[in-house]
Amino acid sequence: MDIAGAAPMTFTGPGASVLPGSENTAKRHKGPPGTWEVLNRLQALYNHPVVGTGRRTPGPRSGILDRGERNDRAQRLVAPREGNRVRCEGGRTSEHSIVPQKQGNSNRGDPVEERECRVAESLEGNMAGASEPGPVSTRRQRIAELAKQSPEMGFTSLAHHIDMVWLLEAYARTRKDGAAGVDGQTAADYAVNLLDNLRVLLDRAKSGTYRAPPVRRVHIPKGAGPETRPLGIPTFEDKVLQRAVVMVLEAVYEQDFLDCSYGFRPGRSAHQALDALWQCTMTMAGGWIVEVDIRKFFDTLDHAHLRDLLQLRLRDGVLLRLLGKWLNAGVLEAGSLTFPEAGTPQGGVVSPLLANVYLHYVLDVWFERDVKPCLKGPATLIRYADDFVIVFAHEDDARRVLDVLPKRFGKYGLALHPDKTRLVPFVRPATEASRDTSEGEHQPGTFDLLGFTHYWGRSRQGFWVVKRRTAQTRLSRALMMIAQWCRFHRHDPLAEQHQTLVQKVRGHCGYYGITGNSMALSQFRSAVQRIWKKWLSRRRRRGFLSWTTFGRLLKRYPLPPPIAVHSVCRLVGEPAT
């Protein structure tokens, strides 16, 4: 939603027909009630109605919408002096730039949550000359249009777009159920004096007195082994300001990013990357796969190179200063404060965008402009954040690129994992008729990407197709987390245990439920049942739960069936909307 104090406002997304700060929608927006009262205070601050006809009035009027306006989901009010030139196209594809209306990746669970973007018509005028604080989506569209028209231009004036209206929009997009940072302040605590907190935050950010607080580092399991992944948790206020900066930079860099990039971008998901990889391997009959793993990418990202790459498009002193403070912010772990010289906290709001910018220049642009013209055959790059594979039609091309990749990444302070970076022969197996005549045939191997193992298998009609199943490391890690949860919550009431396990099973199927992976989903559900029975049997010292008794329990508390949510058959069978 766009929250404007000096211009009319537009509500988008779920819940657009009700007040976003009301009690009925507090749970839906993951925020405390009272946002509407803050808007009324904001309209008095700007001496402009929150909603209206676009004409200025001598004083503020009531900010309460009547019932007819609340129920009109399709209504779009435009900023003053824009008249009727700006109209939403209702989903029609535009030939101009696309400005995402939602955040890139909320990271609530698996990285496949559906993300949308709305297409707007091109706007006239220069972004730098905009003096009125219009709707946030309108200003982002102006930035995107200018970035689309001038792909080589460096933006020197972007920070002026961040005002109270922009910060309120950033606050609305920030997760309210995330973990607290080093100050222990939650979203509910910050919302008590929301308007005053945002005003002070804006003054400190614009004047240069803002100091980035240290991030709180925690570790989560990585794979099935003892290795862990460090996560940095910023403070809630830091998340709001980072979200505001990301909203500005996203409008610029979304016009530059190539189609081979899928990670942490609005309107893109991991399943789209998997579908693109499947289409590529099927079209090229497999080929040769270069599977690459960057060693500790987020921990070794070079700050000097990142600043140089950012300044190719961003030359605004305020934004560059804020990004530098976040990069140099300390890390608090086990009571010890350290200041790393490289890397960006994995878990921050701005970190995914910085990672995409870094790899856009280091890998994507280099591969498209310098590598592809020198190859003998076609090649395709599929990248999701720092995980990527390259599909080649010829073995010679694959080996040449594999030899030069370590030098390319080493130039920018990155290193490839020597054991996990490899060349995989993935040529489609020969048929029975041509198997005897083929010489020097390579048996196709397997490779992993985004939690799936890709391999060649027979379809129901007997043809060779690329199939995908849950990677063994991901399956083992998921079951280990289930066992750990059942162990610590085995004394909870059965209804509560059942409710949580249902959510976990549905979440697993929501990501891994793709075409051809039904067997792995069934194995996961069966393993969850065995784990649940094991820890229910240990609720008492001498207790034992037989399978007959547990079967009766499952009839009362059944686990959801293993459904392939992203199956092609299900999508074909659904009616068109």
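What counts as what
Residues numbered from 1 in each chain as written. Predicted model: local features only at pLDDT ≥ 70, side-chain atom pairs only at ≥ 80, totals over all residues. Heavy atoms only, no water. Helix = DSSP H or I, 4+ residues; strand = E, 2+ residues; numbered from the N terminus. Buried < 20%, exposed > 50% of the residue type's maximum accessible area, 1.4 Å probe, protein only. Contact = heavy atoms within 4.5 Å. Areas by Shrake-Rupley, 256 points an atom, 1.4 Å probe, with all protein chains shown as cover. Lys, Arg positive; Asp, Glu negative; His and termini not counted. Salt bridge = Lys/Arg side-chain N within 4 Å of Asp/Glu carboxyl O. Polar contact = N/O pair within 3.5 Å; in protein donor to acceptor, adjacent residues only side chain to side chain. Pairing = 2+ DSSP bridges. Axes fitted to C-alpha atoms, helices over the stretch in contact; angles between N-to-C directions. Parallel < 35°, antiparallel > 145°, perpendicular 65-115°, else oblique. Nonpolar A, V, L, I, M, F, W, Y, C, P; charged D, E, K, R; others polar. Phe/Tyr/Trp six-rings, centres within 6.5 Å; stacked < 30°, edge-to-face > 60°. Lys NZ or Arg CZ within 6 Å of the ring centre and 35° of its normal. pLDDT = per-residue confidence, 0-100. Core = buried A, V, L, I, M, F, W, Y, C linked by side-chain atoms within 4.5 Å. Expected span 1.5 Å × (residues − 1). Bend = angle between axes of the 7 residues up to and from the residue.

Novice: Account for the overall build of the protein chain, with residues named and values stated.
Specialist: Along the backbone of the protein chain there are 19 helices and eleven strands. When burial is assessed residue by residue, the protein chain has 49% of its 577 residues classed as buried. Once local pairs closer than 6 in sequence are excluded, the contacts in the protein chain between residues at least 24 apart make up 70%. For the protein chain, the accessible surface area stands at approximately 28100 Å², while carbon and sulfur atoms represent 50% of it.

Novice: Describe the side chain of Asp 238, listing the residues and the values that go with them.
Specialist: In this structure, Asp 238 sits in helix α7 (residues 236-253). One buried charged side chain, Asp 238, makes no salt bridge at all; its nearest oppositely charged neighbour is Arg 204, positioned 8.4 Å away. At a separation of 2.7 Å, a polar atom in the side chain of Asp 238 contacts the side chain of Trp 326. With residues up to four places along the chain from it excluded, the contact list for Asp 238 reads Tyr 210, Pro 213 and Trp 326.

Novice: Please set out the sheet that holds strand β2 (residues 228-233) residue by residue, giving values where relevant.
Specialist: Read from one edge of the open sheet, four strands run β2-β1-β4-β5, paired in mixed fashion. Two strands lie at the open edges of the sheet, namely β2 and β5 (336-338), each paired on one side alone. For this sheet, the mean inter-axis angle between neighbouring strands, taken without regard to orientation, is 35°. For strand β1 (residues 215-221) and β2, the ladder comprises six bridges, and the chain directions are antiparallel. Across the sheet, the residue bridging to His 219 is Pro 230, located in β2.

Novice: Talk me through the environment of Gln 484; I want residue IDs and the actual numbers.
Specialist: Secondary-structure assignment places Gln 484 in helix α15 (residues 472-488). Residue Gln 484 is classed as partly exposed on the basis of its relative accessible area, which comes to 40%. Considering only alpha carbons, one finds Gln 484 and Trp 535, 51 residues apart in sequence, at a separation of 9.9 Å.

Novice: Break down the packing of α15 against helix α16 (residues 494-512) for me, citing the residues and quoting the values.
Specialist: Here α15 crosses α16 at 170°, and the two axes come no closer than 12 Å. As summarised for this structure, α15 and α16 are arranged roughly antiparallel, according to the angle between their axes. Every residue of α16 that contacts α15 at Arg 474, Ala 478, Ile 482, Trp 485 and Cys 486 is listed here: Gln 497, Thr 500, Leu 501, Lys 504, His 508 and Tyr 512. Considering only residue class, the contact of α15 with α16 consists of six nonpolar, three polar and two charged.

Novice: Give me the lowdown on the sheet that holds strand β11 (residues 464-470), citing residues and values where you can.
Specialist: Either a parallel or an antiparallel arrangement is found when strands of a sheet pair, and the pairing is made through backbone hydrogen bonds. Across the sheet, which stays open at both edges, the three strands sit in the order β9-β10-β11 with antiparallel pairing between neighbours. What marks the edges here is a single partner per strand, and that holds for β9 (447-449) and β11. Between one strand and the next, the sheet's axes are offset by a mean angle of 40°, whatever the strand orientation. Of the strand pairs in this sheet, β9 and strand β10 (residues 452-458) are connected by three bridges, and their pairing is antiparallel. Within β10, the residue paired with Leu 449 across the bridge is Phe 452.

Novice: Please provide a residue-by-residue account of the packing of aromatic side chains, values included.
Specialist: All told, the structure shown has 14 aromatic pairs when counted by the stated rule. Ring geometry for Phe 388 and Phe 409: centres 6.1 Å apart, planes at 15°, overall stacked. A residue pair is termed long-range when its members are at least 10 positions apart, and Phe 388 in strand β7 (residues 387-392) and Phe 409 in helix α13 (residues 395-411) qualify at 21 residues. Residue Phe 388 shares its accessibility class with Phe 409, and that shared class is buried. Among the aromatic residues, those joined into a ring-pair cluster are Tyr 171, Tyr 190 and Phe 236. Lying over the aromatic face of Tyr 455, Arg 469 brings its terminal NZ or CZ to 4.4 Å of the ring centre.

Novice: Could you give me a rundown of the pattern of salt bridges, with the residues and numbers involved?
Specialist: Inspection of the entire model under this criterion finds 16 salt bridges. Linking Glu 333 and Arg 217 is a salt bridge whose minimum nitrogen-to-oxygen distance equals 3.9 Å. With Glu 333 in strand β4 (residues 331-333) and Arg 217 in strand β1, this residue pair connects regions lying 116 residues apart in the sequence. Here Lys 372 and Glu 368 are joined by a salt bridge, their closest N and O atoms 3.4 Å apart.

Novice: Mind laying out the confidence of the model for the protein chain, listing which residues take part and the relevant values?
Specialist: In this model, the protein chain carries a mean pLDDT of 79, and residues with pLDDT of at least 70 account for 72%. In the predicted structure, residues 1-33 sits below a pLDDT of 50 and forms 92 contacts with residues beyond four places in sequence or in another chain.

Novice: Tell me about the environment of Asp 196, residues and numbers included.
Specialist: Relative to the elements of secondary structure, Asp 196 occurs in helix α6 (residues 194-207). When its relative accessible area of 33% is taken as the criterion, Asp 196 is described as partly exposed. Only 3.1 Å separates the side chain of Asp 196 from the side chain of Arg 199, close enough to count as a polar contact.

Novice: Account for the pairing of β7, with residues named and values stated.
Specialist: Among the six residues that make up β7, five are buried, leaving the element largely enclosed by the rest of the structure. As paired elements, strand β6 (residues 379-384) and β7 share six bridges and run antiparallel to each other. The residue of β7 that forms the bridge with Ala 379 is Phe 392. Between the antiparallel neighbours β6 and β7 lie two residues, among them Ala 385 with a positive phi of about 60°.

Novice: Any chance you could break down the nonpolar core for me, citing the residues and the numbers?
Specialist: Within the largest apolar cluster, 86 residues are counted, with the highest numbers of intra-cluster contacts made by Leu 405 and Phe 409. Setting aside its immediate chain neighbours within four residues, Leu 405 contacts Val 290, Val 292, Leu 363, Trp 366, Ile 390 and Leu 416. If you look at the next biggest cluster of nonpolar residues, it comprises 49 residues, including Ala 270, Ile 289, Leu 479 and Leu 545.

Novice: Give a description of unusual backbone geometry that names residues and reports values.
Specialist: Positive phi is not limited to glycine here, since Phe 264 has a value of about 55°. Looking at the element boundaries, Phe 264 is found in the loop between α7 and α8 (270-283). You will see that Ala 385, though not glycine, has its phi angle at about 60°, which is positive. Summarising the element assignment, Ala 385 is placed in the loop between β6 and β7.

Novice: With reference to specific residues and values, describe α13.
Specialist: Spanning 17 residues, α13 covers 25 Å between terminal C-alpha atoms, matching the ideal 24 Å at 1.5 Å per step. The largest bend along α13 reaches roughly 30° and is located at Val 404, with the proline Pro 406 sitting one to four residues downstream. Of the positions making up α13, those classed as buried are Asp 397, Ala 398, Val 401, Leu 405, Arg 408 and Phe 409. Contacts made by the buried residues of α13 are with β3 (288-293), α12 (351-371), β7 and β8 (422-425).

Novice: An account of helix α4 (residues 164-173) is needed here, citing residue identities and associated values.
Specialist: Burial of α4 is extensive: nine of the ten residues sit out of reach of the surface. The N-terminus of α4 is capped by Asp 163, whose side-chain oxygen sits 3.3 Å from the backbone nitrogen of Val 165.

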